[in-house]
Amino acid sequence: MIKNISNLGDAALYCDFGNEVNKSINSQVIKYFKTIKEKKFEGINNLTPSYNKLIISYDLKKTNFKEVKNYVENINAQDSKDINSKKLEIPVCCHENFSMDIKRLEEILKLSREKILENFLNKEYFCYMTGFIAGMPFLGDLDENMRAQRLETPRVKVPKGSVALTEQFANIYTFESPGGWNILGNTPLDVFDSSKEDKPNLINPGDTVIFKEITIDQYKNYNE
Amino acid sequence: MSSNYLEIIRPGINTTFQDKGRDHLYHIGIPFSGAMDNRNYLIANKLVNNNLDSAVIEFAYQGPHIKYSGEKINCAITGDVIFSIKKKDTEIEGKCYESYQIENGDEINIISTNKSVYGYLALGGEFDLKFQWNSCSINTKANIGSNDGKKLDVGQRINLKKINSNKDIKKTNYINTKIENIRVIKGTNFDYFSEEGKKIFYEKEFTVSKLSDRMGMRLEGPKIDNIVNTNIKSEGLIKGVIQVPADGNPIIMLSDHGTIGGYPKIGVVASVDYDRLVQMSPGSKIKFKEINLSDAETLFKLYEMETQNLLSQI
């Protein structure tokens, strides 16, 4: 449930669902997101669900804080269809060409490369949200012993397809971008494809993702 | 092949096609984009008898040098821009907010914006552009929009699908006003900052850094001290949000911003001041002034009425 609604500037609602990050709070966020999206309220022009917040932006020429707040407060999000989620397998190659931060992770986590991969691969992760850059999924939760902080100085360029970790989350860089997460491997899949306007994102909030290891040869032949 | 087209002799520093932008895509990570200075974008279109949501060429600092081929067409430039129009046997110094008729072989040379950042070139007609999600706005970070999501490049040819039959010459006396203070509404993490930090935010001057682009405006100046946590759990952003990362230097999210961020939000720029904010060039001094939500809403209404008024007089 929404604990509090405040304004983010003069053209957005800040809906706070709590401070913790877990599936049950996030499912509530996604439920509200999907309900409001379906209803197409005049003036609302964007919805951004995240771990435990939902930002609703609106066109100040068409509506205002009071109207949108009143609308959101009276929505019955329970009426919404249950989250229609998929289970996806993502191939990832952790060859040394790709796992740029494996040494750093070994040091921080005090685990061997093998152990890190064993902990990471073949497990189910939940997609809490997508964004920052187009289509980037935020997946969780990593095991307690797999949690490392961001790099002190972010990279100017993280290669497209990089699978990276920070705190309890994993993500995938959908295109080359700056970034500070610990890079563990790379996927040959196109996780974001702007030519598919209906479904540009391979992974969507509510989906479950499992990383499956592939060899460097399988990686190279993947798109052939 | 269209017989009416532009050739890019010099592309300029950051020249893109922009229109009203694309909405309903934050949740997949795609920002609004669109013309940075919306008012100047609208005026440019109105001056050449276009629909107000038509695509224009947006440039920053140094603009493009363009050669036109085809039948007569109107063009207009808005912003605070130095440019010239080269005709067969004469070169005229261009004035912003006036439309000009150009013909086969004429060149438009946009030398630079003057003490501002963005300018707009509209042609009376319709460019032949690819639309993605109902907009041809170019987002160069995600390579979305027309021109494969890339800046305009030297030697490129841009076709026009249509030329307006209405070739009335238009003019307006608009002057871009500068403002001393950027009005802001308190952010959702305002209490993360020390009393001293809050005072600095509202009382001290900041300088616009060179590291500013369509994604964000970085500011330099006295550091804003955080006493709670320099990170928050990542959450949605909107344009105008002022985040303060661990180094204490504020960053204002602009039209191509990342849709999610994990730095505390100290404030949000009021919508009324966004067009003028984006025009502040590196080195400009910026001061923030707090206003409440209801004043922000009223001020925006007035600004919007003024924009409509300006447009109706053209």
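What counts and how
Residues numbered from 1 in each chain as written. Chains lettered and ligands numbered in written order. Predicted model: local features only at pLDDT ≥ 70, side-chain atom pairs only at ≥ 80, totals over all residues. Helix = DSSP H or I, 4+ residues; strand = E, 2+ residues; numbered from the N terminus. Rg over C-alpha atoms; globule rule 2.2 N^0.38 Å. Contact = placed C-beta atoms within 7 Å. Core = buried A, V, L, I, M, F, W, Y, C linked by C-beta atoms within 7 Å. Buried ≥ 20, exposed ≤ 12 C-beta atoms within 10 Å, placed from the backbone. Pairing = 2+ DSSP bridges. Axes fitted to C-alpha atoms, helices over the stretch in contact; angles between N-to-C directions. Domains from an automatic or database assignment. Parallel < 35°, antiparallel > 145°, perpendicular 65-115°, else oblique. Left-handed = near helix turned anticlockwise from the far one by under 90°. Nonpolar A, V, L, I, M, F, W, Y, C, P; charged D, E, K, R; others polar.

Now for the overall build of chain A. Counting secondary structure elements, chain A contains 5 helices and 13 strands. Relative to the globule expectation of 17 Å for 224 residues, the C-alpha radius of gyration of chain A, 19 Å, shows essentially globular dimensions. Projected onto its principal axes, the C-alpha coordinates of chain A cover approximately 55 × 40 × 35 Å. In chain A, of all internal contacts separated by at least 6 residues, the share reaching a separation of at least 24 is 62%.

This part takes up the nonpolar core. A:Ala12, A:Ile56, B:Val56, B:Cys75, B:Leu121, B:Ala122 and B:Val269 are the most contacted members of the largest nonpolar core, which totals 143 residues. Ignoring sequence-local partners within four residues, the contact set of B:Val56 consists of B:Gln18, B:Ala35, B:Tyr41, B:Ala44, B:Asn45, B:Tyr120, B:Leu121 and B:Ala122.

We now examine the interface of chain A and chain B. Contacts between chain A and chain B engage 39 residues on the former and 30 residues on the latter. Secondary-structure elements contributing two or more residues to the side of chain A that touches chain B are strand S1 (4–7), strand S2 (12–16), strand S3 (44–49), strand S4 (53–58) and strand S6 (124–130) of chain A. The greatest single-element share of the side of chain A that touches chain B, amounting to 5 residues, is contributed by S3(A).

Our next topic: unusual backbone geometry. Cis geometry is adopted by the peptide bond preceding A:Asp141, which originates at A:Gly140 and carries an omega value of 0 degrees. Structurally, A:Asp141 can be placed in the loop between strand S7 (137–140) and strand S8 (155–158). The residue B:Asn143 is not glycine, and still its phi comes out positive at about 50 degrees. Mapped onto the elements, B:Asn143 comes out in the loop between strand S11 (125–127) and strand S12 (157–163).

As a further point, take the sheet that holds S2(A). Residue and element names in this part refer to chain A. The 4 strands lie next to each other as S1-S2-S4-S3, forming an open sheet whose pairing is antiparallel. Because the sheet does not close on itself, it has two edges, and the strands there are S1 and S3. Averaged over all neighbouring strand pairs, the angle between strand axes comes to 20 degrees, with direction disregarded. Looking at chain direction, S3 and S4 are connected through 5 bridges and run antiparallel. Bridge pairing links Thr48 to Ile55 in S4.

With that settled, the discussion passes to the domain arrangement of chain B. The extent of an interface is frequently quoted as the accessible surface area lost upon association of the parts. Residues and elements named next belong to chain B. Split by domain assignment, chain B resolves into domain 1 (5–163) and domain 2 (181–312). Relative placement of domain 1 and domain 2: their C-alpha centres are 27 Å apart. The interface is formed by 20 residues belonging to domain 1 together with 16 residues belonging to domain 2. If one sorts the elements of the side of domain 1 that touches domain 2 by residue count, helix H1 (residues 38–47) sits on top with 5 residues.

Residues and elements named next belong to chain B. Ordered in space as S13-S20-S17-S18-S15-S14-S21, the 7 strands form a closed barrel in which the pairing is mixed. Within this sheet the neighbouring strands show an average axis-to-axis angle of 40 degrees, counted without direction. As defined by bridge partners, strand S13 (residues 181–186) adjoins strand S21 (residues 285–290) across 4 bridges and the pair is classed as parallel. Each residue of the ladder has a partner; that of Asn181, found in S21, is Lys287.

Residue and element names in this part refer to chain B. The sheet contact formed by strand S1 (residues 5–10) and S12 spans 3 bridges and is antiparallel. Paired with Glu7 across the bridge in S12 is Arg157. Where S1 lies against strand S4 (residues 65–69), 5 bridges are found, and the strand directions are antiparallel. Of the residues in S4, the one forming a bridge with Leu6 is Tyr68.

All names here are of chain B. Close contact between H1 and helix H4 (residues 293–312) brings their axes to 10 Å; oriented N to C, the two are set at 15 degrees. As far as their axial angle goes, H4 and H1 are roughly parallel. Of the two possible hands of crossing, H1 and H4 adopt the one that is right-handed. Contacts between H1 and H4 pair Arg39, Leu42, Ile43 and Lys46 from the former with Thr307, Leu310 and Leu311 from the latter. For the contact of H1 with H4, the class distribution of residues is 4 nonpolar, 1 polar and 2 charged.

Moving on, we get to the environment of A:Met129. On the secondary structure map, A:Met129 appears in strand S6. The exposure class of A:Met129 is buried, given the 31 C-beta atoms found within 10 Å. Distance from A:Met129 to A:Val29, taken between C-alpha atoms, is 9.9 Å for residues 100 residues apart in sequence. Contacts of A:Met129, omitting those with residues within four sequence positions, involve A:Pro49, A:Ser50, A:Tyr51, A:Phe138, A:Pro205 and B:Ile260.

Moving on, we get to the environment of A:Lys199. Residue and element names in this part refer to chain A. Here Lys199 is to be found in the loop between strand S12 (182–186) and strand S13 (208–214). We classify Lys199 as exposed; it has 9 C-beta atoms within 10 Å. Residues Lys199 and Trp181 lie 18 residues apart in sequence; the distance between their C-alpha atoms is 26 Å.

Residues and elements named next belong to chain A. On domain assignment, one finds that chain A holds domain 1 (4–79) and domain 2 (87–221). Taking the mean C-alpha position of each, domain 1 and domain 2 sit 28 Å from one another. At the interface, 7 residues of domain 1 touch 6 residues of domain 2. Those elements that place two or more of their residues in the side of domain 1 that touches domain 2 are helix H1 (23–39) and S3. Counting residues per element, the side of domain 1 that touches domain 2 draws most heavily on H1, which supplies 3 residues. Among the residues making up the side of domain 1 that touches domain 2, the classes are represented as 3 nonpolar, 3 polar and 1 charged.

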